[in-house]
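Architecture at a glance
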Amino acid sequence: MEAIGRALALAGSMTWEILWALILGFALSAVVQAVVRKSTIVRLMGDGRPRTLAIAAGLGAASSSCSYAAVALARSLFQKGASFVAAMAFEIGSTNLVVELGIILALLMGWQFTAAEFVGGPIMIVVLALLFRLFLRERLLREARAQAERGLAGSMEGHAAMDMSVRREGSFWRRLFSREGYTSVSHVFVMEWAAILRDLVIGLLLAGAIAAWVPDSFWNSLFLTDHPVAAKIWGPLIGPIVAILSFVCSIGNVPLAAVLWNGGISFGGVIAFIFADLIILPIINIYRKYYGLRTALFITATFYAAMVVAGYVVEILFGVTGLIPAERDAAAVMEAHIEWNYTTWLNIAFLLLAVALIVRFARTGGRAMLSAMGGSPGHSDHTSH
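When helices and strands are tallied, the chain shows 20 helices and 0 strands. Here the chain holds 385 residues, and the buried ones make up 56% of them. Considering only residue pairs separated by 6 or more positions, the chain has 86% of its internal contacts joining residues 24 or more positions apart.

Along the chain, the position of proline 122 falls in helix H7 (residues 111–135). For proline 122, a relative accessible area of 38% translates into the label partly exposed. Spatially, the C-alpha atoms of proline 122 and alanine 89 are 8.9 Å apart, while their sequence positions differ by 33 residues.

An ideal rise of 1.5 Å per residue puts 40 Å on 28 residues; helix H17 (residues 293–320) measures up with 41 Å between its terminal C-alpha atoms. Just past H17, the residue glycine 322 takes up positive phi, approximately 70°.

Now for helix H16 (residues 281–291). Listed as buried for H16 are Ile283, Ile284, Ile286, Tyr287, Tyr290 and Tyr291. Angularly, the buried residues of H16 cover 155° about the axis, an arc narrow enough to put them on a single face. One or two steps after H16, the chain reaches glycine 292, where phi turns positive at roughly 100°.

This paragraph deals with the environment of isoleucine 103. Its place among the elements puts isoleucine 103 in helix H6 (residues 99–108). Through-space distance from the C-alpha of isoleucine 103 to that of threonine 114 is 7.3 Å; in sequence the pair is 11 residues apart. Setting aside chain neighbours within four positions, we find isoleucine 103 in contact with Trp20, Ala21 and Leu24.

Quick look at a nonpolar patch on the surface now. A cluster of nonpolar side chains, namely Met1, Ile4, Leu8, Leu197, Val201, Leu205 and Trp213, defines an oily patch on the protein surface of about 740 Å² accessible area. Residue assignment for the nonpolar patch shows that the elements contributing at least two residues are helix H1 (2–35) and helix H11 (179–213). Top contributing element to the nonpolar patch by residue count: H11, with 4 residues. For leucine 197, the location among the structural elements is in helix H11. Taking relative accessible area as the criterion, leucine 197 reaches 43% and is therefore assigned partly exposed.

What follows is about the packing of aromatic side chains. For the coordinates displayed, the defined rule picks out 15 aromatic pairs. Where phenylalanine 113 meets phenylalanine 267, the ring centres are 5.0 Å apart and the plane angle is 50°; that geometry is what we call tilted. Remark: phenylalanine 267 occurs in helix H15 (residues 267–275) and phenylalanine 113 occurs in helix H7; sequence separation between them is 154 residues. In this structure phenylalanine 267 comes out as buried when scored by relative accessible area, which is 2%. When the centroid spacing of 6.2 Å and the interplanar angle of 75° are considered together, the rings of tryptophan 261 and phenylalanine 267 count as edge-to-face. In this structure, tryptophan 261 and phenylalanine 267 share a single accessibility class: buried. An aromatic cluster is built from Phe78, Phe84, Phe132, Tyr290, Tyr291 and Phe298, whose rings are joined through pairwise contacts. Arginine 75 extends its terminal NZ or CZ atom over the ring of tyrosine 290, reaching a point 4.7 Å from the ring centre. In this structure, arginine 328 packs its charged tip against the face of tryptophan 261, placed 3.9 Å from the ring centre.

The next thing to look at is the packing of helix H8 (residues 138–148) against H16. How two helices sit against one another is set out by the angle between their axes and by the gap between those axes. Direction vectors running N to C along H8 and H16 enclose 90°, while the axes themselves pass 6 Å from each other. In this view, H8 runs roughly perpendicular relative to H16, as classed from their interaxial angle. Residues Glu143, Ala144, Gln147 and Ala148 of H8 pack against Arg288, Lys289, Tyr290 and Tyr291 of H16. Among the residues forming the contact of H8 with H16, the class breakdown is 4 nonpolar, 1 polar and 3 charged.

Before going further, it helps to spend a moment on the layout of surface pockets. Volume-wise, the largest pocket comes out at about 430 Å³. Taken together, 21 residues form the lining of the largest pocket, with Gly48, Leu53, Val85, Ala129 and Arg133 sitting closest to its centre. Mapped onto the lining of the largest pocket, the elements with two or more residues apiece are helix H3 (50–61), helix H5 (84–96), H7 and H8. The dominant element in the lining of the largest pocket, judged by the number of residues it contributes, is H7, at 7 residues.

A side chain with one charge can pair with a side chain of the opposite charge if their charged atoms come near. On inspection of all chains with the given rule, the structure shows 3 salt bridges. For the salt bridge of arginine 49 with aspartate 47, the shortest nitrogen-to-oxygen distance reads 3.3 Å. The class for arginine 49 is partly exposed, based on a relative accessible area of 49%. The partner of arginine 294 in a salt bridge is glutamate 143, and the shortest N-O contact between them spans 3.1 Å. Taken as a pair, arginine 294 in helix H17 and glutamate 143 in helix H8 lie far apart in primary sequence, 151 residues in all. On the basis of relative accessible area, glutamate 143 is assigned to the partly exposed category, the value being 30%. Salt bridges here are not isolated pairs; linked through shared partners, they connect Arg139, Glu143 and Arg294.

Conventions used here
- Residues numbered from 1 in each chain as written.
- Predicted model: local features only at pLDDT ≥ 70, side-chain atom pairs only at ≥ 80, totals over all residues.
- Heavy atoms only, no water.
- Helix = DSSP H or I, 4+ residues; strand = E, 2+ residues; numbered from the N terminus.
- Buried < 20%, exposed > 50% of the residue type's maximum accessible area, 1.4 Å probe, protein only.
- Contact = heavy atoms within 4.5 Å.
- Expected span 1.5 Å × (residues − 1).
- Arc of directions from axis to C-beta.
- Patch = residues over 30% accessible without salt bridge, like charges linked within 9 Å, V, L, I, M, F, W, Y side chains within 5 Å.
- Areas by Shrake-Rupley, 256 points an atom, 1.4 Å probe, with all protein chains shown as cover.
- Salt bridge = Lys/Arg side-chain N within 4 Å of Asp/Glu carboxyl O.
- Phe/Tyr/Trp six-rings, centres within 6.5 Å; stacked < 30°, edge-to-face > 60°.
- Lys NZ or Arg CZ within 6 Å of the ring centre and 35° of its normal.
- Axes fitted to C-alpha atoms, helices over the stretch in contact; angles between N-to-C directions.
- Parallel < 35°, antiparallel > 145°, perpendicular 65-115°, else oblique.
- Nonpolar A, V, L, I, M, F, W, Y, C, P; charged D, E, K, R; others polar.
- 1 Å grid on protein atoms, 1.4 Å probe; cavity = no way out; pocket = protein on both sides within 12 Å on 5 of 7 lines; lining within 4 Å.
- Points joined across faces, edges and corners; volume = space filled by probe spheres on them.

Next up, the structure:
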């Protein structure tokens, strides 16, 4: 019982430290999704040019941070005319370049990891685009599109198909502060939380358990910490593999990344681990359902290669500039105690915001929209008011 209590206490400390950041991030994402229509996104993603990929990554960064929802949304965009590589760039931006991820990385691990994430993400997209250009054959692309056109295949598909943006015309602020804008923001906010909550809870509990129960000697051995050069080479290779086997995606993998950093994984390795939320085993299976087995294997292999390369580049860039933290002290944050400081006040303020949005959601037919996340084709163009 003492060991279980220790694990739960660590998980609770991490939750308390990142709570306000999660609410802020999802609120900002909901605001953007309330005023930007999916039809606009598709229109901007019709080819694989560098400018298009940059736009796709930016639009992804302004949307959901849930890996499952991002994968479903990328398929939906691909179905509606977005190029395959642009859809994948959107997917990467949607999970690895979002505001809430950056804030939580800074809180749990340090600003250097936030900077590395936003440097490594574009590098990963560039590498992926090059790999697609070199190895993606037209036949495989046709197979992927044919499979994508078939029936719905995941619980996030209904969420991805909905367009909950405000239909009324007017400026950004006028649309946002209208009744329809408030309703739309509340619906997107709650549904984003519904999409991420399970993985977030699993990630926090897993990180707490690993931090409490796995001895440092295991991580030191796995990450070759006694061999500095080998550790830098090995880190980006092993980081994504640990992620694949951990089953934890999206924001939920940041607490575990903090544990791995304390355990001795290289700087580039921990960044590659965070990127790998898009190739965990359940998501690879979703790729198989969405695009077929051969395309799923192709996506997995190219994503893994891009993550490894991005990890190496980040390791080199941040090493040369002296930005890699010398201390591995993420545990100091994970073991923080609840007290009256800025974190507590921010948590209270943003919890009040969350309550206001949840109440609005409940009063405007939100339950029906949650049921639509089960994947009903009839909700493909739903708009909330």
